Amino acid sequence: MAGMSDLKKQWLKDPVFRAEYDRLAPEFAEIRELVEAHTRAGLALPHEVAARHLAEAVPLLRAWREYLGLTQAELAERLAVTQGQVAQWEAPGARPRHATLKRAAAALGLHVSQLTLADV
């Protein structure tokens, strides 16, 4: 089985992949800096959460909820909202208000910056 570095070398030979990789490099560098800042502040993202968010474009709220083993209904109950409301917040492209994310973070036992990737 090939290691990640071997796989990366192989994929980078493809000019289409290489162009997309190069295009996204600055964005991933910024994300890496944010994750490192969170780690230094004791607000790290578990690998599973970061991977789901970065590789699969899963919203952080959903990635954290699933990582913590909660259903949408369970999170909804903690927040006194409907399961459908949680589903809307977790939809790709959704932009829940900061106040909503603060409440969700508290319900999940997190700091809001772990749901927003904003500086602490």
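We now turn to the structure provided with this report. Numbering of residues starts from 1 in every chain and runs along the sequence as written. Whole-chain, interface and lining totals are the exception, using all residues; otherwise, since this is a predicted model, local features are given only for residues with pLDDT of at least 70 and side-chain atom pairs are given and counted only at 80 or more. Excluding hydrogens and water, the side-chain values take into account all heavy atoms of the structure.

**Regarding the overall build of the protein**
Phase 1 of the analysis: Each helix and strand in the protein was counted, giving eight helices and zero strands.
Phase 2 of the analysis: The linear arrangement of helices and strands in the protein, starting from the amino end, is α-α-α-α-α-α-α-α.
Phase 3 of the analysis: Exposure categories follow from relative accessible area, calculated using a 1.4 Å probe and restricted to protein chains: below 20% of the type maximum is buried, above 50% is exposed, and the middle band is partly exposed. Taken over 120 residues, the protein has a buried fraction of 30%.
Phase 4 of the analysis: Only heavy atoms matter for contacts: two residues are in contact if any of them lie within 4.5 Å across the pair. Sequence separation of at least 24 residues holds for 45% of the intrachain contacts in the protein that already meet a minimum separation of 6.
Phase 5 of the analysis: Surface accessibility follows the Shrake-Rupley procedure with a 1.4 Å probe radius. Residue values consider only the protein chains on display as shielding. A total of about 8000 Å² of accessible surface is found on the protein, and carbon and sulfur atoms cover 55% of it. In DSSP terms, a helix is any run of H or I states spanning at least four residues, a strand is any run of E spanning at least two, and both are numbered starting from the N terminus.

**With respect to the packing of helix α5 (residues 72-79) against helix α6 (residues 83-90)**
Phase 1 of the analysis: Packing of α5 against α6 brings their axes to within 8 Å, and their N-to-C directions diverge by 105°. When the interaxial angle is binned, α5 and α6 end up roughly perpendicular. Listed contacts from α6 to Gln72, Ala73, Leu75, Ala76 and Leu79 of α5 are Gln83, Val86, Ala87, Trp89 and Glu90.
Phase 2 of the analysis: Within the contact of α5 with α6, the residues separate by chemical class into seven nonpolar, two polar and one charged. Only the contacting stretch of a helix is used when fitting its axis, a line to C-alpha atoms as for every element, and angles between N-to-C directions run 0 to 180 degrees. Oblique is the label for any angle not covered by the other classes, which are roughly parallel (under 35 degrees), roughly antiparallel (over 145) and roughly perpendicular (65 to 115). Three residue categories are used. Nonpolar comprises Ala, Val, Leu, Ile, Met, Phe, Trp, Tyr, Cys and Pro, charged comprises Asp, Glu, Lys and Arg, and polar comprises the others, including Gly.

**Quick notes on unusual backbone geometry**
Phase 1 of the analysis: Look at Ala57: it is not a glycine, yet its phi comes out positive at around 60°.
Phase 2 of the analysis: Residues other than glycine seldom take positive phi values, yet Ala80 does so here, at roughly 60°.
Phase 3 of the analysis: Within the secondary structure layout, Ala80 lies in the loop between α5 and α6.
Phase 4 of the analysis: With a relative accessible area of 73%, Ala80 lands in the exposed category.

**Quick notes on the nonpolar core**
Phase 1 of the analysis: To qualify as a nonpolar core, a set must consist of buried Ala, Val, Leu, Ile, Met, Phe, Trp, Tyr and Cys residues joined through side-chain atoms within 4.5 Å. Grouped together as the largest cluster of nonpolar side chains are 24 residues, with contacts concentrated most on Leu61, Trp64, Leu75, Leu108 and Leu115.
Phase 2 of the analysis: Those elements that provide at least two residues to this core are α3 (47-56), α4 (60-67), α5, α6 and α7 (98-108).
Phase 3 of the analysis: Top element by residues in this core is α7. It accounts for five residues.
Phase 4 of the analysis: With sequence-adjacent residues up to four places away left out, Leu61 is seen in contact with Leu75, Trp89, Glu90, Ala104, Leu108 and Leu115.

**Re the layout of surface pockets**
Phase 1 of the analysis: Using a grid of 1 Å spacing that covers the protein atoms alone, one calls a set of points a cavity when a 1.4 Å probe fits there but cannot get out, and a pocket when the set is open and has protein on both sides within 12 Å along at least five of seven lines; lining residues are those with an atom within 4 Å of a point. Grid points are joined across faces, edges and corners, and a volume is the space filled by probe spheres set on the points. Here the largest pocket defines a volume of roughly 780 Å³.
Phase 2 of the analysis: Forming the walls of the largest pocket are 18 residues, and the residues nearest its centre are Met4, Tyr21, Phe28, Arg32 and Leu54.
Phase 3 of the analysis: Listed by contribution, the elements that provide at least two residues to the lining of the largest pocket are α1 (4-12), α2 (15-40) and α3.
Phase 4 of the analysis: It is α2 that contributes the most residues to the lining of the largest pocket, ten residues altogether.
Phase 5 of the analysis: Its residues assigned to classes, the lining of the largest pocket shows 14 nonpolar, one polar and three charged.
Phase 6 of the analysis: Considered as a void within the structure, the second largest pocket measures approximately 380 Å³ in volume.
Phase 7 of the analysis: Every residue lining the second largest pocket is counted, 16 residues in all, and those nearest its centre are His53, Pro59, Leu60, Ala94 and Pro96.
Phase 8 of the analysis: Counting residues per element, the ones that place at least two in the lining of the second largest pocket are α4 and α8 (113-116).
Phase 9 of the analysis: Tallied by class, the residues present in the lining of the second largest pocket amount to twelve nonpolar, three polar and one charged.

Interpretation in functional terms is not warranted from these geometric data alone.
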